[in-house]
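# Examination of the molecular architecture
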Amino acid sequence: MSLTKRKLILILIFILVSASLFRVLRITLTTSYFLNLEHVPNTKNTRPDTYGNKILSEKELRFLSDIILQKSPCNLLVFGLEDQYLKLPAINEGGKTIFLEDKPEKLIDLTTNVNGSARVYRIRYKTSAKEAYKLLTHARTHSSCSLRSGVRTLTAKCKIALTGLPKEVFKTKWDVIVVDGPGGDGPESPGRMSAIYMAGVLARAGNGTNVVVHDVDRMIEKWFSWEFLSEKNLVSSKGKFWNFKIDQKKNLVSLKQV
């Protein structure tokens, strides 16, 4: 009888030990599984932040919309054409909205979606981002680039000027100018030097024009905004946006004085 009890005890111990080992093994495998899941890349959101995706945060979009609404209906000029900017013509209902874009694929994909009150023009930039410093030096030392000269005297002698823009751009007094193009995402790509310079020239031909520059966390956007829009004219900011208010009478000064 004692042998039977001993066997039963041994069997019971074996069952308990086996159950414990099984439980430990199950916990280990489950933990390992979830740890591996945490390191699997999220393929749903790995698309780069390029054409077709949001480039503005909700706060930035609201910030820009509010600036336009304060002047709407108005004359609105936008360097660059992105999905989120398709809302701007509706915000500026009754006003004039013109987009200037250099990438033909964006013109093909987006112009059919633009509100009827807006127009889209393709433009070409002659300089690349790697030339930024040379262009800045050129603009500072050549009278042909003086902001005092105004839009009517712009010539090809000023290497940073965009003299081939549509005539409508030069003839219109703009209330709001947005600079979010060209992409400027590499040294060989067109930088925003000319766009910011032209925004400064066109704004000084207006009357209290707001110039809103995006991506001011980048060196070119920051340097050229300070140079041609003047830090003293910076009135507000949000995220990667700077908003400059250019008054026609007080800011018609030479480039060297800005």
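Before going into details, it helps to say that this report is about the structure given with it. Fair warning: this is a prediction, and the values are worked out from it, not measured in the lab.

## As for the state of the cysteines
For the structure on display, the rule yields one disulfide. The disulfide partner of Cys 145 is Cys 158, and the gap between their sulfur atoms is 2.2 Å. Across the S-S bond linking Cys 145 and Cys 158, the dihedral sits near 115 degrees, which makes this disulfide right-handed. A residue pair is termed long-range when its members are at least 10 positions apart, and Cys 145 in the loop between helix H5 (132-141) and helix H6 (167-171) and Cys 158 in the loop between H5 and H6 qualify at 13 residues. Accessibility expressed as a relative area gives 0% for Cys 145, which makes it buried.

## Details of H5
Those residues of H5 that sit buried are Ala 132, Leu 135, Leu 136, His 138 and Ala 139. Across the axial projection of H5, the buried residues extend over an arc of 160 degrees, all falling on one side. In H5, those exposed residues whose orientation departs by more than 90 degrees from the buried face are Tyr 133, Lys 134 and Thr 141. Next to the buried residues of H5 lie helix H7 (193-203) and helix H8 (219-228).

## Notes on the packing of H7 against H8
Following both chains from N to C, one finds H7 and H8 inclined at 25 degrees, their axes separated by 9 Å at the closest point. As far as their axial angle goes, H8 and H7 are roughly parallel. The handedness of the crossing between H7 and H8 comes out as right-handed. Contacts from Met 193, Ile 196, Tyr 197 and Gly 200 in H7 reach Ile 220, Glu 221, Phe 224, Ser 225 and Phe 228 in H8.

## Some details on the sheet that holds strand S1 (residues 75-79)
One open sheet accounts for seven strands, arranged S3-S2-S1-S4-S5-S7-S6; its pairing is mixed. Single-partner strands in this sheet number two, and they are strand S3 (118-122) and strand S6 (234-238). Each neighbouring strand pair of the sheet contributes to a mean axis angle of 15 degrees, computed without reference to strand direction. Of the strands in this sheet, S1, strand S4 (176-179), strand S5 (209-214) and strand S7 (241-246) are in contact with H7, which crosses S4 at around 175 degrees.

## Focus on unusual backbone geometry
Note the cis peptide between Ser 72 and Pro 73, where omega equals -5 degrees. Within the secondary structure layout, Pro 73 lies in the loop between helix H2 (58-71) and S1. Residue Pro 182 is reached from Gly 181 by a cis peptide bond, and omega for that bond is 0 degrees. The phi angle at Asp 215 is positive, at roughly 65 degrees, despite the residue not being glycine.

## Structural notes on H7
Within H7, eleven of the eleven residues are buried, leaving the element largely enclosed by the surrounding structure. The set of residues buried in H7 consists of Met 193, Ser 194, Ala 195, Ile 196, Tyr 197, Met 198, Ala 199, Gly 200, Val 201, Leu 202 and Ala 203.

Parameters and conventions
Residues numbered from 1 in each chain as written. Predicted model: local features only at pLDDT ≥ 70, side-chain atom pairs only at ≥ 80, totals over all residues. Heavy atoms only, no water. Disulfide = S-S within 2.5 Å. Helix = DSSP H or I, 4+ residues; strand = E, 2+ residues; numbered from the N terminus. Buried < 20%, exposed > 50% of the residue type's maximum accessible area, 1.4 Å probe, protein only. Arc of directions from axis to C-beta. Contact = heavy atoms within 4.5 Å. Axes fitted to C-alpha atoms, helices over the stretch in contact; angles between N-to-C directions. Parallel < 35°, antiparallel > 145°, perpendicular 65-115°, else oblique. Left-handed = near helix turned anticlockwise from the far one by under 90°. Pairing = 2+ DSSP bridges.

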